[in-house]
Amino acid sequence: MLLLGIETSCDETAAAVIRDWTVLSNVLKTQTVHEEFGGVVPEIASREHLRLLPGIVREALDVAGVSVEDLDGIAYTRGPGLAGPLLVGASFARALAMDAQKPLWGANHLEGHLAAVRLSDPTLKPPFLCLTVSGGHTELTEVTKDGAFVSMGNTRDDAAGEAFDKCGKILGLGYPAGPLVSNLAKTGNRKAFALPIGLRGDGLDFSFSGLKSALSRLLQELGHETVALRKNDLCASLESVIVEALVGKAMEALRERNLPGIAVCGGVSANRHLRERMGAAATKQGAWARFPSPDLCTDNGAMIAGAAMWRLERNDLEPLRKGVDPGLELG
Ligand code: KG4
Ligand code: ZN
């Protein structure tokens, strides 16, 4: 099955072609116009998607060596995401599908992040535990043997990616701060500063909002000069507590449902320390841990085509209904 996937839920304009579980092309442009605002401005993002999408889709088809006529269908992101950006992708996909008389499917962005793990390793098969960690989500979900999603834990406030971004901002780093924090952390001491792990030992929900206040207080105590000198230690300590919170709850969930392994997905799954710690903890527990290949961690079109493919395989078409839904949840 040959599918085109279009992703426009936030600030990545992306399109890709997949054939079954093989990625033939994966083209994306991260919009940089938002940097000066320290976060994504929805109206600007919509306009940028409108400007960039035709060229990105053209390139995705060209790199894959296929034409619109060859496609078996077109998938776009139905939600969750920003309403305006979602509408641009949906309208573009609809026009393309109508013109070429191809089937059109609206896919769930969160299922897409999980599909990215299967695109990276087509042997991935339920049951397993899924940890979705992105800028807007931090969620533990059981994927049952028959493919149903059962929510086990969620963040009560900020998402893990949001915690990286907001704490990074306090540290004077750019946006998105996740990769920047991670880069500085490489040469830092993870035990240099004690920061809190929210809701430790208290069920499977997460809480990251306390981290911002704790970090602000710590920076005030240290003073500008020390903060500037010890940024690597601060980033390493910060990264460490976010990762320990994720790994701790994930291992608890694995034990609770006796699941064989965990698929970690979403933008934060690119984090190297998270990969190492999760991998080691899972192995210690006799379980496996899998991640998307690095190029499929960020929002991309291949994962959207993959999400549609997964539903189509099971003939489960209702979740692929059209329109947009900014508040769509997993499952
Ligand atoms: O999934 P994604 O691309 O977009 C959303 O759907 O939110 O995730 C973006 C998030 C941002 O918060 C970014 O800071 C974080 O993923 N991120 C990272 C890393 N790469 C991206 N966080 C920590 N370490 C990284 N290497
Ligand atoms: Zn995402």
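Residues numbered from 1 in each chain as written. Chains lettered and ligands numbered in written order. Predicted model: local features only at pLDDT ≥ 70, side-chain atom pairs only at ≥ 80, totals over all residues. Heavy atoms only, no water.

Chemist: Report on the coordination of the zinc ion (ligand 2), specifying residues and quantitative values.
Modeler: Every protein donor of the zinc ion (ligand 2) is accounted for by His109 (NE2), His113 (NE2) and Asp299 (OD), and the metal-donor separations fall at 2.0 to 2.2 Å. When the donor residues of the zinc ion (ligand 2) are listed from N- to C-terminus, their spacing reads H-x3-H-x185-D. With His113 in helix α3 (residues 109-120) and Asp299 in the loop between β10 (288-290) and α10 (301-313), this pair connects stretches of sequence that are 186 residues apart. Assigned by exposure class, His113 and Asp299 land together as buried. (Donors = N, O, S within 2.8 Å, 3.2 Å for Na, K, Ca; no water. Helix = DSSP H or I, 4+ residues; strand = E, 2+ residues; numbered from the N terminus. Buried < 20%, exposed > 50% of the residue type's maximum accessible area, 1.4 Å probe, protein only.)

Chemist: Explain helix α6 (residues 209-222) residue by residue, including any values.
Modeler: The terminal C-alpha atoms of α6 lie 21 Å apart, and with 14 residues this matches the ideal 20 Å at 1.5 Å per residue to within 8%. Along α6, the positions that sit buried rather than exposed are Leu211, Ala214, Leu215, Leu218 and Leu219. Along the axis of α6, the buried positions cluster into a sector of 135°, meaning they face one direction only. Tucked into the core, α6 has its buried residues touching α4 (160-170), α7 (224-229) and α8 (231-257). Count one or two residues on from α6 and you reach Gly223, which has phi positive near 85°. (Expected span 1.5 Å × (residues − 1). Arc of directions from axis to C-beta. Contact = heavy atoms within 4.5 Å.)

Chemist: Explain the packing of α3 against α10 to me, and be specific about the residues and the numbers.
Modeler: For the pair α3 and α10, the least separation of the axes is 7 Å and the interaxial angle reads 90°. In terms of their interaxial angle, α3 and α10 are classed as roughly perpendicular. Contact with α3, carried on its side by His109, Glu111, Gly112, His113, Leu114, Ala115, Ala116, Arg118 and Leu119, involves Ala302, Met303, Ile304, Gly306, Ala307, Trp310, Arg311 and Glu313 of α10 and no other residues of that element. The residue inventory of the contact of α3 with α10, partitioned by class, reads nine nonpolar, four polar and four charged. (Axes fitted to C-alpha atoms, helices over the stretch in contact; angles between N-to-C directions. Parallel < 35°, antiparallel > 145°, perpendicular 65-115°, else oblique. Nonpolar A, V, L, I, M, F, W, Y, C, P; charged D, E, K, R; others polar.)

Chemist: Report on the site of ligand 1, specifying residues and quantitative values.
Modeler: Every one of the 18 residues lining ligand 1 counts as a neighbour, but His113, Gly135, Asp165, Gly267 and Asn271 are closest to it. Here Gly135 contributes a backbone N or O atom positioned 2.8 Å from an oxygen atom of ligand 1. Between ligand 1 and the protein, one listed contact pairs a nitrogen atom with a side-chain N or O atom of Asn271 at 3.0 Å. A total of 550 Å² of accessible area belongs to ligand 1 in isolation, and the protein chains cover 85% of it. Within the residue set of the shell around ligand 1, elements represented by two or more residues are α3, α4 and α5 (178-185). Each of two domains, domain 1 (2-114 + 296-320) and domain 2 (126-294), supplies a minimum of three residues to the shell around ligand 1. (Near = heavy atom within 4 Å. Polar contact = N/O pair within 3.5 Å; in protein donor to acceptor, adjacent residues only side chain to side chain. Areas by Shrake-Rupley, 256 points an atom, 1.4 Å probe, with all protein chains shown as cover. Domains from an automatic or database assignment.)

Chemist: An account of the pairing of strand β8 (residues 149-154) is needed here, citing residue identities and associated values.
Modeler: Note that strand β7 (residues 138-143) and β8 share five bridges and pair antiparallel. Counterpart to Leu140 in the pairing with β8 is Gly153. Between β7 and the antiparallel strand that follows it, β8, lie five residues; Gly147 among them carries a positive phi value of about 90°. (Pairing = 2+ DSSP bridges.)

Chemist: A description of the pattern of salt bridges should follow, citing residues and the corresponding values.
Modeler: For the structure on display, the rule yields 17 salt bridges. A salt bridge links Arg47 to Glu43, with the nearest nitrogen and oxygen atoms 3.0 Å apart. In this pair, Arg47 and Glu43 are both assigned in helix α1 (residues 42-64), four residues apart and thus about one turn of the helix distant. One salt bridge in this structure joins Asp316 and Arg311, with 2.4 Å as the shortest N-O distance. By relative accessible area, Arg311 is classed as buried at 7%. Connected via shared salt-bridge partners are Glu111, Arg311, Arg314 and Asp316. (Salt bridge = Lys/Arg side-chain N within 4 Å of Asp/Glu carboxyl O.)

Chemist: Break down the environment of Ile242 for me, citing the residues and quoting the values.
Modeler: Mapped onto the secondary structure, Ile242 falls in helix α8. Not counting chain neighbours up to four residues away, the residues in contact with Ile242 comprise Ala160, Ala163, Phe164, Phe208 and Leu211.

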